[in-house]
Amino acid sequence: MYRRLGELYRDSGDIQQAAGFFREAMARDPGEASQWNSLGMILGSQGNLSEAERVFREAIQRDPREPRYTYNLGLTLQREHRAADAVPYFRKTLELNPRFTAASDRLREIEKR
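So, here's what we can say about the structure. Note that the coordinates shown come from a computational prediction; the quantities given were computed from them, not determined experimentally.

## Quick look at the overall build of the protein chain
When its secondary structure is counted, the protein chain shows seven helices and zero strands. Secondary structure elements in the protein chain, listed N-terminal to C-terminal, are α-α-α-α-α-α-α. Its C-alpha atoms give the protein chain a radius of gyration of 14 Å, within 12% of the compact-globule value 13 Å for 113 residues. Here the protein chain, with 113 residues, has 44% of them falling under the buried criterion. Relative to all contacts within the protein chain whose residues are 6 or more apart in sequence, the contacts with residues 24 or more apart total 39%. When the accessible surface of the protein chain is summed, it comes to about 6,500 Å², and 47% of that surface belongs to carbon and sulfur atoms. Each charge sign in the protein chain was given a centre, from 19 positive and 17 negative side chains, and these centres are 3 Å apart.

This is the structure we're talking about:
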């Protein structure tokens, strides 16, 4: 229920309310990786990259087979100017889903530098 409320508020643009509901959902069911990922996306969009990094790592710990989580962590690391740290996560994303073109685009972007 709280995760769904978080999604509804996020989709309506009320990011602060959404974050609160995702945090409540995580407190009630910390094992559900998708709510960690959703909160990480909110934190990242607000520029809170260090907290987003921590939350994405939690999502990966709970579901290491989901390529969106490894991609989001890689993207956050890249945004933190830690491209070398991001590379293994983009590669893992492609290992999990070889057609994840955003991850291959990011890798090419890093390799050009």
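The discussion continues.
## Some words on helix 5 (residues 67-79)
The terminal C-alpha atoms of helix 5 lie 18 Å apart, and with 13 residues this matches the ideal 18 Å at 1.5 Å per residue to within 8%. Of all the 13 residues making up helix 5, eleven are buried; the element is thus mostly covered by neighbouring parts of the structure. Residues of helix 5 that are buried: Pro 67, Tyr 69, Thr 70, Tyr 71, Asn 72, Leu 73, Gly 74, Leu 75, Thr 76, Leu 77 and Gln 78. Of the surrounding secondary structure, the elements contacted by the buried residues of helix 5 are helix 3 (33-45), helix 4 (49-62), helix 6 (83-96) and helix 7 (101-112). Once helix 5 ends, the next one or two residues include His 81, with phi positive near 65°.

## Quick look at the packing of helix 5 against helix 6
Put simply, helix 5 and helix 6 touch, their axes get as near as 8 Å, and they point 160° apart. Regarding the angle of helix 5 to helix 6, the classification is roughly antiparallel. Crossing hand, helix 5 versus helix 6: left-handed. Where helix 5 approaches helix 6, its residues Pro 67, Thr 70, Tyr 71, Leu 73, Gly 74, Leu 75, Leu 77 and Gln 78 are matched on the opposing element by Ala 83, Asp 85, Ala 86, Tyr 89, Phe 90, Lys 92, Thr 93 and Leu 96. Looking at the contact of helix 5 with helix 6, its residues break down into ten nonpolar, four polar and two charged.

## Observations concerning the packing of aromatic side chains
For the coordinates displayed, the defined rule picks out four aromatic pairs. For the ring pair Tyr 9 and Phe 21, a centre distance of 5.3 Å and an interplane angle of 15° mean the geometry is stacked. Residue Tyr 9 is found in helix 1 (residues 2-12), and its partner Phe 21 is found in helix 2 (residues 15-28); the two are separated by twelve residues along the sequence. Here the aromatic rings of Tyr 71 and Phe 100 are separated by 5.0 Å at their centres, their planes lie at 35°, and the arrangement is tilted. Here Tyr 71, found in helix 5, pairs with Phe 100, found in the loop between helix 6 and helix 7; they are 29 residues apart in sequence, far enough to count as distant. Taken individually, Tyr 71 and Phe 100 each receive the classification buried, so the pair is uniform in this respect.

Scoring rules and cut-offs
Residues numbered from 1 in each chain as written. Predicted model: local features only at pLDDT ≥ 70, side-chain atom pairs only at ≥ 80, totals over all residues. Heavy atoms only, no water. Helix = DSSP H or I, 4+ residues; strand = E, 2+ residues; numbered from the N terminus. Rg over C-alpha atoms; globule rule 2.2 N^0.38 Å. Buried < 20%, exposed > 50% of the residue type's maximum accessible area, 1.4 Å probe, protein only. Contact = heavy atoms within 4.5 Å. Areas by Shrake-Rupley, 256 points an atom, 1.4 Å probe, with all protein chains shown as cover. Lys, Arg positive; Asp, Glu negative; His and termini not counted. Charge placed at Lys NZ, Arg CZ, Asp CG, Glu CD. Expected span 1.5 Å × (residues − 1). Axes fitted to C-alpha atoms, helices over the stretch in contact; angles between N-to-C directions. Parallel < 35°, antiparallel > 145°, perpendicular 65-115°, else oblique. Left-handed = near helix turned anticlockwise from the far one by under 90°. Nonpolar A, V, L, I, M, F, W, Y, C, P; charged D, E, K, R; others polar. Phe/Tyr/Trp six-rings, centres within 6.5 Å; stacked < 30°, edge-to-face > 60°.

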